[in-house]
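Coordinate inspection notes
What follows is each chain in one-letter form.
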There are 2 protein chains.
Amino acid sequence: MARLALDVMGGDHAPAAPIAAALLAVQELGSEHVIQLVGREAVIREQLDDQLRGAAPLVREAAARFEVVDAPDVIEMTDKPSVAIRGKPNSSMSLGIRLQAEGRSDAFISAGNTGAQMAASTFILKLHEGLSRPAIGTVFPTARQPVVVLDSGANVDCSAAELVQFARLGHVYARDILGRANPAVGLLSIGEEPEKGNAAVKEAHQLLLGAGLHFIGNIEGRDVPVGACDRGPVDVVVCDGFTGNVLLKFYESVGPMLFGMMMKNGVTKEQIGAIVHALDYAKYGGAPLLGVRGVSIICHGKSSPEAIKNGLLAGLRAVETRMSHHIGEQLAK
Amino acid sequence: MARLALDVMGGDHAPAAPIAAALLAVQELGSEHVIQLVGREAVIREQLDDQLRGAAPLVREAAARFEVVDAPDVIEMTDKPSVAIRGKPNSSMSLGIRLQAEGRSDAFISAGNTGAQMAASTFILKLHEGLSRPAIGTVFPTARQPVVVLDSGANVDCSAAELVQFARLGHVYARDILGRANPAVGLLSIGEEPEKGNAAVKEAHQLLLGAGLHFIGNIEGRDVPVGACDRGPVDVVVCDGFTGNVLLKFYESVGPMLFGMMMKNGVTKEQIGAIVHALDYAKYGGAPLLGVRGVSIICHGKSSPEAIKNGLLAGLRAVETRMSHHIGEQLAK
């Protein structure tokens, strides 16, 4: 069984979206699992009552299994991470994560202030030995299988050693969460040759050759949407958080731009529906903050209930596969 | 009048594609302009004869205005830049660029070895005062007007001062080549706020505030395909060459991936035709190597005759607008 703590106060559409997500998730999860709703108790009760009005009896029964954890403080999207953590110790963010540190929960899922979640997760859960900072792994849909891109925003200036850490984190993520037996790790660069790239990438290439991973060498920007390079499929794309974040946001934006152009051109909504669905980030739920001793799933602030629900399922999968434990083992190698 | 030197030996489809490009261009250019075909004379004559067989009399007449410049050496795509330049002084690349240094030509256009072209252009033409390295400006199609992204591959590790140089180069390019009256310059980062970004970007943001350009602040990956950010349209996207190159190659690849998915989904070739055309990099021809004292247009190795023809037209426009002169003035500010 897993206990999944959900931040009810976090995200652009809180508390409605997290509560709706919990109601979706509880219908999919086995009854041995517990969803812990963390936030202002009065707000949670009111929102739950609202959403349960007229709900099917089965949903109402499932919702009775929710645990409510009162957290009087609320971290705003605009709060500075350090201030939020120090100044609001009883926020849904801090409290929700602290449950794990105290052995009362197994995973934390939030669509709230990302910086605050990173800071609180790192501060409260601590990092695995051998890590300097956690990384965010984001799943990119491709023409083939989805790939995990990391870091996608937590670390902007990265050393070669940090890029190798991302490779290790991505290896475990691809195996445990994406189910790849022997994940192919590619290093994002500007040419296939080992001597292509910036200084950190060139050094990381050499280090990765001896890292005991299935390292397939440098890959290029063009290989990412394909999910493969000349040497075969790719499962993990390693890059610094600046490049990863620029690429992620570019990718999120280029699809809608192209679909808009197409619909002006007579392509129907039905025709692009399946593609939009295939590219839908909501499907992949949140991005785990990799490297912390525990499970902390970061969802986009704009997350729909469906996206947050998938964040909960990602959290469950991380718990069940013991991802954090495997990361500790991998980093000790 | 402008004299445009075309590298007939450069590119994956040389010499056929450059010769075909010259034949397309000569029909569009006013008869006061001269196209200089640089390469092995025998190869050029043979290819010209082949392509002119059965051509319309007007084309044959126009082709009579070509100048042929014999260049016995050939730089291969796999040659190291430095070796190519030093070991093959009479290649079409070196000779074609040297024509400009000697006052016998106004622009050089090549689809050949990019590294060699950069090295030869920098070595033979020299850089404008105040520049440490040249930059490659690539035009990205967007939902609005095209934007120029630079650097897109010439400089992988960039200082803040270099990013500011790119902003100046991009400003002149957007004005002279894209025809923007007061180009809006955006700094690519991972958040709008001035304090977001890697170390070089954060410092560059501060420097750009006082650079006398129409600096609109940080933009994000999502703004690039839109061609605009919250504060309005964008004309110039400033980034280091690592990020720019990854983004460029990603962009080139994501369109075909989506179109492939769509066609599996019943969207017809006709329906996506106009969009593929709108995204077609060939339309934008080559990317000028910005910062050299002269005009050196870099075309993609895979360039079609149409793309190389557009490279010739881009070269003409750079000559006619005195882009290089304006870059010198801008850098002196």
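The structure displayed is predicted, hence computed values, not measured ones. Here, residues in each chain are numbered from 1, in the same order as that chain's written sequence. For naming, the first written chain is A and the first written ligand is 1, with later ones following in the order written. Reporting in this predicted model follows two pLDDT cut-offs: at least 70 for local features of residues, and 80 or more for side-chain atom pairs to be given and counted; totals over whole chains, interfaces and linings ignore these cut-offs and use all residues. Hydrogens and water are ignored here; the side-chain numbers use all heavy atoms of the structure.

**Quick word on the confidence of the model for chain A**
This is how the line gets drawn: The predictor attaches a confidence to each residue, and that confidence, scored 0 to 100, is pLDDT.
Taken as a whole, chain A shows an average pLDDT of 92; of its residues, 98% reach a score of 70 or greater. Here the prediction assigns the complex a pTM of 0.91, and the interface score ipTM is 0.89.

**Re the sheet that holds strand E13 (residues 287–290) of chain B**
One key point about sheets: their strands pair by backbone hydrogen bonds, in either a parallel or an antiparallel sense. Residue and element names in this part refer to chain B. Heads up, the rule is: By definition, two strands form a pair when at least two bridges between them are found by DSSP. Labels follow the DSSP assignment, with helices taken as runs of H or I lasting at least four residues and strands as runs of E lasting at least two, numbered in each case from the N terminus. By the convention used here, residues are in contact when the closest approach between their heavy atoms is within 4.5 Å. Structural elements are reduced to axes, namely lines fitted to C-alpha atoms, with helices fitted over the stretch in contact, and the angle between N-to-C directions of any two is expressed from 0 to 180 degrees.
Taken in spatial order, the 7 strands line up as E3-E2-E1-E4-E14-E13-E5 in an open sheet, and their pairing is mixed. Taken across any chain shown, the strands that pair with only one partner, and hence form the sheet edges, are strand E3 (67–70) and strand E5 (135–136). As paired elements, E13 and strand E14 (residues 296–298) share 2 bridges and run antiparallel to each other. Following the sheet pairing, Ala-287 is matched in E14 by Ile-298. Contacts from helix H1 (residues 16–28) reach strand E1 (3–7) and strand E2 (34–39), with the element oriented near 175 degrees to E2.

**A word on the state of the cysteines**
Under the convention used in this document: Whenever a pair of cysteine sulfur atoms sits within 2.5 Å, that pair is classed as a disulfide.
In the structure shown here, the tally under the stated rule is 0 disulfides over all chains. With no disulfide of its own, Cys-158 of chain A lies 8.4 Å from the sulfur of Cys-239 of chain A, the closest cysteine sulfur.

**As for the nonpolar core**
For clarity, the cut-off: Each nonpolar core is a collection of buried residues, namely Ala, Val, Leu, Ile, Met, Phe, Trp, Tyr and Cys, held together in the definition by side-chain atoms within 4.5 Å. The buried label goes to any residue with under 20% of its type's maximum accessible area, the exposed label to any with over 50%, and the partly exposed label to all in between, with areas taken from a 1.4 Å probe on protein chains only.
The biggest cluster of nonpolar side chains holds 238 residues, and the ones touching the most others in it are Ile-35 and Leu-37 of chain A together with Ile-35 and Leu-37 of chain B. Beyond its immediate stretch of four places on either side in the chain, Ile-35 of chain A contacts Leu-4, Leu-6, Ala-22, Ala-25, Val-26, Leu-29, Arg-65, Phe-66, Glu-67 and Leu-312 of chain A.

**Overview of the interface of chain B and chain A**
Heads up, the condition is: When two components associate, each loses some accessible surface as probed by a 1.4 Å sphere; the sum of these losses over both components is called the buried area. The term salt bridge refers to a pairing of a side-chain nitrogen on Lys or Arg with a carboxyl oxygen on Asp or Glu at a separation within 4 Å. Definition of a polar contact: a pair of N or O atoms within 3.5 Å, with one able to donate and the other able to accept a hydrogen when the atoms are protein atoms, and with sequence-neighbouring residues admitted only if both atoms are side-chain atoms.
Tallying the contact residues gives 46 residues for chain B and 46 residues for chain A. For chain B, the biggest contributors to the area lost against chain A are Ile-190, Phe-242 and Phe-250 of chain B; these three give 18% of the whole. Across the contact surface, chain B and chain A share 2 salt bridges. The salt bridge partner of Glu-220 of chain B is Lys-249 of chain A, with a shortest N-O separation of 2.3 Å. Seen at the junction of chain B and chain A, the total is 8 residue pairs in polar contact (both at pLDDT 80 or more). Looking at the side of chain B that touches chain A, the elements with two or more residues in it are helix H8 (199–209), helix H9 (223–226), helix H10 (241–264) and helix H11 (269–279) of chain B. Among the elements that take part in the side of chain B that touches chain A, H10 of chain B stands out by supplying 17 residues, more than any other.

**Quick word on the pairing of strand E7 (residues 147–150) of chain A**
Residues and elements named next belong to chain A. The two faces of E7 match: Val-147 and Val-149 on one face and Val-148 and Leu-150 on the other face are all buried. Summarising the sheet, strand E6 (residues 138–140) and E7 pair through 3 bridges and their orientation is antiparallel. Within the sheet, the bridge partner assigned to Val-139 lies in E7 and is Val-148. Here E6 folds back onto E7, and the loop between the two strands holds 6 residues. Looking at chain direction, E7 and strand E12 (residues 236–238) are connected through 3 bridges and run parallel. The partner of Val-148 across the bridge, within E12, is Val-236.

**Quick word on the sheet that holds strand E14 (residues 296–298) of chain A**
Residues and elements named next belong to chain A. Read across the sheet, 7 strands follow the order E3-E2-E1-E4-E14-E13-E5 without closing on themselves; strand pairing throughout is mixed. Single-partner strands in this sheet number two, and they are strand E3 (67–70) and strand E5 (135–136). Bridging between strand E4 (residues 107–110) and E14 involves 3 bridges; their strand directions are parallel. The partner of Phe-108 across the bridge, within E14, is Ser-296. Across the sheet, helix H5 (residues 92–101) is in contact with strand E1 (3–7), strand E2 (34–39), E3 and E4; its angle to E4 comes to roughly 160 degrees.

**A word on the domain arrangement of chain A**
Note on interface size: it is often stated as the accessible area lost on association of the parts. Residue and element names in this part refer to chain A. For clarity, the cut-off: Here the bounds of each domain stem from an automatic or database domain assignment.
The domain boundaries assigned to chain A delineate domain 1 (3–131 + 291–331) and domain 2 (135–278). Using only C-alpha atoms to locate each centre, domain 1 and domain 2 end up separated by 26 Å. Contacts between the two partners involve 17 residues from domain 1 and, on the opposite side, 14 residues from domain 2. In terms of surface lost to domain 2, no three residues of domain 1 exceed Arg-317, Met-323 and Gln-330, which account for 38% of the buried area on that side. Taken together, the connections running from domain 1 to domain 2 amount to 0 salt bridges. Where domain 1 touches domain 2, the interface holds 5 residue pairs in polar contact (both at pLDDT 80 or more). Those elements that place two or more of their residues in the side of domain 1 that touches domain 2 are helix H6 (114–125), helix H12 (305–320) and helix H13 (323–331). The leading source of residues in the side of domain 1 that touches domain 2 is H13, at 5 residues.

**Comments concerning the relation of the copies chain B and chain A**
Short version of the rule: Copies are brought into register by a least-squares superposition over C-alpha atoms of residues with pLDDT of at least 70 in both.
Rotating chain B by 180 degrees about the axis while translating it 0.0 Å along that axis superimposes it on chain A, leaving an RMSD of 0.0 Å. The transformation just described matches what one would write down for a two-fold rotation axis. Scanning chain B for the C-alpha nearest the rotation axis identifies Thr-243 of chain B, at a separation of 2.9 Å.

**Here we look at the environment of Met-118 of chain A**
Residue and element names in this part refer to chain A. Structurally, Met-118 is set in helix H6. Judged by its relative accessible area of 12%, Met-118 is buried. Separated by 195 residues in the primary sequence, Met-118 and Leu-313 place their C-alpha atoms 20 Å from one another. What Met-118 contacts, discounting residues up to four positions off in sequence, is Arg-133, Ile-136, Ala-154, Leu-289 and Ile-298.

**Re the packing of H1 of chain B against helix H2 (residues 41–52) of chain B**
Residues and elements named next belong to chain B. This is how it is decided: In these notes the angle categories are as follows: under 35 degrees is roughly parallel, over 145 is roughly antiparallel, 65 to 115 is roughly perpendicular, and the rest is oblique. Here is the rule for handedness: rotate from the far helix to the near one, and if that takes an anticlockwise turn smaller than a right angle the crossing is left-handed, while a clockwise turn gives right-handed.
At a minimum axis separation of 10 Å, H1 and H2 run at an interaxial angle of 60 degrees. Between H1 and H2, the angle falls in the class oblique. Between H1 and H2 lies a crossing whose hand is right-handed. Of the residues in H2, those in contact with Ala-16, Ile-19, Ala-20 and Leu-23 of H1 are Ile-44, Gln-47, Leu-48, Gln-51 and Leu-52.

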